[in-house]
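# Report on the structure
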Amino acid sequence: MTVTAPAGFEAAGIAAGIKRTGALDLALVVNRGPKQHAAAVFTSNRAKANPILWSEQVIADGTVAAVVLNSGGANCFTGPEGFQVTHRTAEAAASALHVSAGDVLVCSTGLIGDQLDGEVLEEGVLSAANRLAADAAAGADAARAIMTTDSRPKTVELQVDGWRIGGMAKGAGMLAPGLATMLVVLTTDAEVPSPQLDAALRQATRVTFDRLDSDGCMSTNDQVTLLASGASGVVPDPETFVEALTTACRDLALQLQADAEGASHDIAIEVRGAVTEEDAVEVGRSVARNNLFKAAIFGNDPNWGRVLAAIGTTRAPFDPYLVDVTMNGVRVCHAGRPDRPRDAVDLAPRATHVLVELHAGEASATIWTNDLTHDYVHENSAYSS
């Protein structure tokens, strides 16, 4: 039931005419309360789309009544006119819902540099407002309306001790960390004030969306939003809430990984024995962003030498001549030397696990990535058309 699973939320997904294909391209998520608490995290890319610039202002007071999301255009590098389109979109939602435009977040995704038609968006928002519903179909339509190169919608629902979390996400390319990854809306009917929502969301994204590094390309439009209606009347234990929220975020992050553009392997790079967690993340990310390693996995080649070459570029403290590398359960490198033969490793399955043992400390972290394929290159070379 995605974002409509928790009580107090309605959604809609429509074809507003932004996409030339006629596919669903505009979603509206509304928090009917009784509370309208919210938190959001945004891309740390200095090149920010107009919806990000708008939403950063809206979220400042921790109150959000609605989120408008469109696919088919990023509204990034579109000048003052583009910001006015975002403002006009929020005003349309505010008028239809009888709320303040300053309580409406706006999210956009699609090609950078194309100017969106403000009239089309305004009419689309009004149409979506007339179709709002709290049922599963409405939530599913909203999840489909935010898709671009995604092959399928990504949704999640959790029920915990009388309250729920729901969510939807989009993303298949430009999956790299920067406080958030692509567009995500999470909802809960738990009673949680905005400062606690913000802290919980940052804890959850730090170990989920921030650990997804599919292609090393950070988007200009990344945003993760968390809305709380308080409709269940339940005040959850803070640790329980963070744990549930993290579970929901991890579920969505892995769905994003599984749908990454052109990927044939979903790779979990687990780093153990680091001095600090930050070191483990840096080491794992160096492998995730190494095109030689990613190409080798695409070719089903357990080339552990490329792993060692990649981690040797980091500043993390460890001795590269003590490192062990295990691929899909077979240790192919021990103490910086060959161990088991490469042909003992089966890389045919889509799920691929790479374990890097640094033997320098007790900290660990896992980074999720994908292989580099012909299909990825083709899809991104043809995307603008």
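Because the structure is predicted, anything quoted here is derived from the model rather than measured.

### A closer look at the overall build of the chain
- Within the chain, the regular secondary structure consists of 10 helices and 15 strands.
- For 385 residues, the compact-globule formula gives about 21 Å, and the C-alpha radius of gyration of the chain, at 21 Å, lands near that figure.
- The principal-axis extents of the C-alpha atoms in the chain amount to approximately 65 × 50 × 35 Å.
- Expressed as a percentage of the 385 residues in the chain, the buried residues total 56%.
- Considering only contacts in the chain between residues 6 or more positions apart, those separated by 24 or more positions represent 80%.
- For the chain, the computed accessible surface area is about 14,800 Å², with 51% contributed by carbon and sulfur atoms.
- Taken as two groups, the 28 positive and 47 negative side-chain charges of the chain have centres that lie 4 Å from each other.

### Some points on unusual backbone geometry
- Cis geometry is found at the peptide bond from glycine 33 to proline 34, where omega equals 25°.
- A positive phi is found at histidine 98, a non-glycine position, where the angle reads about 60°.
- Mapping histidine 98 onto the fold places it in the loop between α2 (79–97) and β5 (104–109).

### Notes on the sheet that holds strand β4 (residues 66–71)
- Across the sheet, four strands lie side by side as β1-β2-β4-β5; this open sheet has mixed pairing. Pairing within the sheet leaves two strands with one partner each, and these edge strands are β1 (9–14) and β5. Here the strands of the sheet are splayed against their neighbours by 10° on average, with no regard to which way each runs.
- As defined by bridge partners, strand β2 (residues 26–31) adjoins β4 across five bridges and the pair is classed as antiparallel. By the bridge assignment for β4, valine 30 is matched with alanine 66.

### Quick look at helix α8 (residues 291–298)
- Taken together, the buried positions of α8 are Phe293, Lys294, Ala296 and Ile297. Down the axis of α8, the buried set is contained in an arc of 160°. They therefore lie on one face.
- Tucked into the core, α8 has its buried residues touching β10 (266–274), α7 (277–288), α9 (304–311), β11 (324–327), β14 (351–357) and β15 (363–370).
- Measuring from the side-chain oxygen of the N-cap residue of α8 to the backbone nitrogen of leucine 292 gives 3.1 Å; that N-cap residue is asparagine 290.
- Where α8 ends, the next residue or the one after it, asparagine 300, has phi of about 55°, a positive value.

### Observations regarding the pairing of strand β3 (residues 37–42)
- The element β3 is largely enclosed, with a buried count of five among its six residues.
- Across six bridges, the pairing between β3 and strand β9 (residues 223–228) is antiparallel. Bridged to histidine 37 within β9 is alanine 228.

### Comments concerning the packing of helix α1 (residues 50–58) against α2
- Contact geometry of α1 with α2 gives a least axis separation of 9 Å together with a crossing angle of 50°. Classed by the angle they form, the pair α1 and α2 counts as oblique. In terms of crossing hand, the pair formed by α1 and α2 is right-handed. Residue-level inspection shows Asn50, Pro51, Leu53, Trp54 and Gln57 of α1 in contact with α2, the latter providing Gly79, Gly82, Phe83, Thr86, His87 and Ala90.

### A few points about the packing of helix α5 (residues 194–206) against helix α6 (residues 238–258)
- Relative orientation of the contacting elements α5 and α6 amounts to 45°, with a least axis distance of 9 Å. Taken together, the axes of α5 and α6 lie oblique to each other. When the axes of α5 and α6 are compared, the crossing they make is right-handed. Of α6, the residues touching α5 (which contributes Gln196, Leu197, Ala200, Leu201, Gln203 and Ala204) are Pro238, Phe241, Val242, Leu245, Thr246 and Cys249.
- Among the residues forming the contact of α5 with α6, the class breakdown is nine nonpolar, three polar and no charged.

### Considerations on the side chain of asparagine 70
- Here asparagine 70 is to be found in strand β4.
- Polar contacts involving the side chain of asparagine 70 include one to the side chain of serine 108, which spans 2.5 Å.
- Dropping the residues within four chain positions of it, asparagine 70 is found in contact with Ile18, Asp25, Leu26, Cys107, Ser108, Thr109, Leu116 and Leu121.

### Thoughts on empty space enclosed by the protein
- Summed over all chains, the structure comprises one cavity of 30 Å³ or more.
- Within this model, the largest cavity holds a volume of roughly 50 Å³.
- In terms of lining, the largest cavity is formed by Val68, Leu69, Asn70, Asn75, Val85, Thr86, Thr89, Val106, Cys107, Ser108, Leu116 and Leu121.
- When contributions to the lining of the largest cavity are tallied by element, the ones reaching two or more residues are β4, α2 and β5.
- Split by residue class, the lining of the largest cavity holds seven nonpolar, five polar and no charged.

### Regarding the packing of aromatic side chains
- Using the criterion set out here, one finds two aromatic pairs in the structure.
- When the centroid spacing of 5.6 Å and the interplanar angle of 40° are considered together, the rings of tryptophan 163 and phenylalanine 241 count as tilted. Taken together, the positions of tryptophan 163 in strand β7 (residues 163–170) and phenylalanine 241 in helix α6 put the pair 78 residues apart, joining distant regions of the chain.
- Overall, tryptophan 163 belongs to the buried group, its relative accessible area being 1%.

Rules used throughout
- Residues numbered from 1 in each chain as written.
- Predicted model: local features only at pLDDT ≥ 70, side-chain atom pairs only at ≥ 80, totals over all residues.
- Heavy atoms only, no water.
- Helix = DSSP H or I, 4+ residues; strand = E, 2+ residues; numbered from the N terminus.
- Rg over C-alpha atoms; globule rule 2.2 N^0.38 Å.
- Buried < 20%, exposed > 50% of the residue type's maximum accessible area, 1.4 Å probe, protein only.
- Contact = heavy atoms within 4.5 Å.
- Areas by Shrake-Rupley, 256 points an atom, 1.4 Å probe, with all protein chains shown as cover.
- Lys, Arg positive; Asp, Glu negative; His and termini not counted.
- Charge placed at Lys NZ, Arg CZ, Asp CG, Glu CD.
- Pairing = 2+ DSSP bridges.
- Axes fitted to C-alpha atoms, helices over the stretch in contact; angles between N-to-C directions.
- Arc of directions from axis to C-beta.
- Polar contact = N/O pair within 3.5 Å; in protein donor to acceptor, adjacent residues only side chain to side chain.
- Parallel < 35°, antiparallel > 145°, perpendicular 65-115°, else oblique.
- Left-handed = near helix turned anticlockwise from the far one by under 90°.
- Nonpolar A, V, L, I, M, F, W, Y, C, P; charged D, E, K, R; others polar.
- 1 Å grid on protein atoms, 1.4 Å probe; cavity = no way out; pocket = protein on both sides within 12 Å on 5 of 7 lines; lining within 4 Å.
- Points joined across faces, edges and corners; volume = space filled by probe spheres on them.
- Phe/Tyr/Trp six-rings, centres within 6.5 Å; stacked < 30°, edge-to-face > 60°.

The values are spatial; any link to function lies outside them.
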